[in-house]
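# Residue-level structure breakdown
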Amino acid sequence: MGKVKKPLGLCGRLSLMNLRKLIFIFSIFALTATSCSSDGASESNAYTRAADETPATTEAPVATEAPAETVAPDEDESAEQGARNEIITFLKSEFGLETEEFATCMVDEMHSLTGVSYVVLLEDLGDEEADYDDFAEEATFTCMDFLSPEEIEMLASAEEDTGPSLEISSDPDALGAILAVEEIDFADETIVGWLVTYRSRSVSGDPIQVTGTIVAPNSLATEPRPVLSVAHGTTGMADMCAPSLGYTGEDVELNALVQPLLDDGWVVVASDFEGMGGPGLHPYIVGASEAQGVFDIVRAAQTDSSLGAEGPLIVWGHSQGGHAAMHASQLWQDIAPELDLVGVAAGAPPSQFPLLKDFLMDGPFQGYLVMVAAAFAQAYDELSLETVVEPEYLPLVEELELGCTGHIFEIFNPIPFEDLTSVDDIFADPAWNARLIENDTNQVPNQTPVVILHGDQDEQIPAISSQILLDQICALEGHDHIERILYEGHTHGSAVQAYWSDFLSWINDRIVGDPVDQEKGCSTVTVPNSE
């Protein structure tokens, strides 16, 4: 459920969630009682009370007078009256009531049962530690008589107006099962989200825990919603680099690029990937691991139908995320055939690994190469860093888990590449070559439509690499539609903003089932720089 709104400046924590549930339950009972009465007619009093219980009064309390005998002698009478009226108005607004009778009864009953002043009750509405649930239950039972049949029916269906929720899964072994969940405190109350730990599978096939985020509109889904699974770019390899950590704290702001999707009713999910927020070193640029994370976070969102995450799925990522997106397009039917993957957008996807190695070595992004080597050595038993890294630099590998990308660059970029490595060409080693080629994005045809998005001034993943990738995929038998859009004058970072409107248009065409433009298949469209 989303955060309770705060009318009248109140936080609304008199366990309003529990109070709402009580009224919902009692309203269901009331509807059952009225519909099942012996003569078939509706009855305004839904309850019969035991002989030793005091029956509820049949007259509504006067909304403008507080019971004199319950006002503490030292309380200012006007403050008491003001507090009482404010709580009545709050409850009337909170539950959408047409009259004040029920709210008035509730306030006066709570005042009488707890023995505290109206001023204190008002203050405790904002106190998370205040525990009035037992009193609220008794007061609700007493005051139900002051609800009209229409109000009872409205409250009985109030659950339909609450937001979606995520709970820990009953089967912890299922892929996507929610193992831990914490609601994100978004500043925008129209969206709701969670930091989740969910069940996934490692690159070696073992069950693992992975963290991530799930965000949705703060309303119950009435039909399947489209889903965007975001594959994040390179942030590092340590747990501290997990993107979901950016959604902790209070009044969290959603990424402005994603906001329009939430406004249009999408569910947006993002995996931290294996090894980031979970045990082990992140298997950086291991395609099967990335694709598994991309799909299992969608399965996690589908564990509660209130989110509506069963709609058509789009996968998008940039940089490392583009690599993950390409592998998702190629491994979909092997990993998650039950998901309705209708399109993949890959921004600046790393490919042509030999070319990338030469492009990155001895430059400002050389640290990427160390990350790949360490990740592969961790992921594959037949590989060892000792065979490719000079012994004097092996202790520095521990630095990969002591900081994020900036720290890694500081440690490894200054070291001359020929001093760092113990081999002239890592691709000359059969074992390393096999795994590197396996994890390139040019080996397997895509199984769903793909658009590649790239800036022609990319300083990290050269634009020529994605042109070669397009040609290679198009030469593979059985590939689905694939096209490429090149953005003139844009770098690795600026390309995202440049292509975002085209991306949104392309994915909206996919989710509504519009056919791809066959004339753009296996070709590149160049977009001039408008700046």
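Here's a quick rundown of the structure. All values derive from a computational prediction rather than experimental measurement. (Residues numbered from 1 in each chain as written. Predicted model: local features only at pLDDT ≥ 70, side-chain atom pairs only at ≥ 80, totals over all residues. Heavy atoms only, no water.)

## Remarks on a negative patch on the surface
- Together, Asp362, Glu392, Glu418 and Asp419 give the surface a local cluster of negative charge.
- Following the sequence through the fold, glutamate 418 ends up in helix H13 (residues 417-420). (Patch = residues over 30% accessible without salt bridge, like charges linked within 9 Å, V, L, I, M, F, W, Y side chains within 5 Å. Areas by Shrake-Rupley, 256 points an atom, 1.4 Å probe, with all protein chains shown as cover. Salt bridge = Lys/Arg side-chain N within 4 Å of Asp/Glu carboxyl O. Lys, Arg positive; Asp, Glu negative; His and termini not counted. Charge placed at Lys NZ, Arg CZ, Asp CG, Glu CD. Helix = DSSP H or I, 4+ residues; strand = E, 2+ residues; numbered from the N terminus.)

## What about the pattern of salt bridges?
- Evaluation of the coordinates by the stated rule reveals six salt bridges.
- Arginine 435 is the salt-bridge partner of glutamate 382, the closest N and O atoms lying 2.5 Å from each other. With glutamate 382 in the loop between helix H11 (367-379) and helix H12 (405-412) and arginine 435 in helix H14 (residues 430-438), the pair connects residues that are 53 residues apart, well separated along the chain.
- Glutamate 382 sits in the partly exposed class, given a relative accessible area of 44%.
- Linking glutamate 438 and arginine 435 is a salt bridge whose minimum nitrogen-to-oxygen distance equals 2.9 Å. Of this pair, glutamate 438 and arginine 435 both sit in helix H14, three residues apart, roughly one helical turn.
- Classification of glutamate 438 as partly exposed rests on a relative accessible area of 41%.
- Overlapping salt bridges bring together Asp296, Arg299 and Glu338 as one network. (Buried < 20%, exposed > 50% of the residue type's maximum accessible area, 1.4 Å probe, protein only.)

## Things to note about the sheet that holds strand S10 (residues 524-527)
- Spatially, ten strands are ordered S1-S2-S3-S5-S4-S6-S7-S8-S9-S10 in an open sheet, and the strand pairing comes out mixed. The two strands at the open ends of the sheet, each matched to only one other strand, are strand S1 (178-183) and S10. Between one strand and the next, the sheet's axes are offset by a mean angle of 20°, whatever the strand orientation.
- As defined by bridge partners, strand S3 (residues 207-217) adjoins strand S5 (residues 267-271) across four bridges and the pair is classed as antiparallel. Among the inter-strand pairings, glycine 212 is bridged to a residue of S5, identified as serine 271.
- Across the face of the sheet, helix H8 (residues 287-301) comes into contact with S1, strand S2 (191-201), S3, strand S4 (227-231), S5, strand S6 (313-318) and strand S7 (341-347) while running at roughly 125° to S2.
- Here helix H15 (residues 463-474) sits on the sheet and contacts strand S8 (450-455), strand S9 (482-487) and S10; the angle it forms with S9, its principal contact strand, is near 165°. (Pairing = 2+ DSSP bridges. Axes fitted to C-alpha atoms, helices over the stretch in contact; angles between N-to-C directions. Contact = heavy atoms within 4.5 Å.)

## Section: the packing of aromatic side chains
- Across all of its chains, the model carries nine aromatic pairs by this definition.
- Considering the side-chain rings of phenylalanine 186 and tyrosine 247, the 6.2 Å spacing of their centres and the 75° angle between planes classify their relative orientation as edge-to-face. Of the two residues, phenylalanine 186 is situated in the loop between S1 and S2 and tyrosine 247 in the loop between S4 and helix H7 (259-263); the sequence distance between them amounts to 61 residues. With respect to burial, phenylalanine 186 and tyrosine 247 carry one shared label: buried.
- Pairing tryptophan 500 with phenylalanine 503 gives two aromatic rings, centres 4.6 Å apart and planes at 40°, and the pair type is tilted. Residue tryptophan 500 and its partner phenylalanine 503 are located together in helix H16 (residues 494-511), separated by three residues, close to a single helical turn.
- Judged by relative accessible area, tryptophan 500 falls into the buried class, the value being 5%.
- Taken together through their ring pairs, the aromatic side chains of Trp316, Trp500 and Phe503 make up a single cluster.
- Directly above the aromatic system of tryptophan 506 lies the positively charged group of arginine 510, at a separation of 4.8 Å from the ring centroid. (Phe/Tyr/Trp six-rings, centres within 6.5 Å; stacked < 30°, edge-to-face > 60°. Lys NZ or Arg CZ within 6 Å of the ring centre and 35° of its normal.)

## Quick word on the nonpolar core
- Counting 44 residues, the largest nonpolar core has Val196, Ile214, Val269, Val294, Phe295, Leu313 and Val315 as its most contacted members.
- By size, the runner-up hydrophobic cluster in this structure holds 37 residues, among which are Met237, Phe365, Tyr393 and Ile426. (Core = buried A, V, L, I, M, F, W, Y, C linked by side-chain atoms within 4.5 Å.)

## What about helix H10 (residues 353-360)?
- Considered for burial, the residues of H10 that qualify are Phe353, Leu356, Lys357 and Leu360. One side of H10 carries all its buried residues, which in axial view fall inside an arc of 105°.
- Looking at the buried side of H10, the elements it contacts are helix H9 (320-335), H11, H13 and H14.
- One or two steps after H10, the chain reaches aspartate 362, where phi turns positive at roughly 60°. (Arc of directions from axis to C-beta.)

## Thoughts on the state of the cysteines
- Taken as a whole and judged by the stated rule, the model has three disulfides.
- There is a disulfide in this structure between cysteine 105 and cysteine 143, and the S-S distance comes to 2.0 Å. The sign of the -80° torsion about the S-S bond sets the cysteine 105-cysteine 143 disulfide as left-handed. Of this pair, cysteine 105 sits in helix H3 (residues 101-114) while cysteine 143 sits in helix H5 (residues 133-143), and the two are 38 residues apart along the sequence. (Disulfide = S-S within 2.5 Å.)

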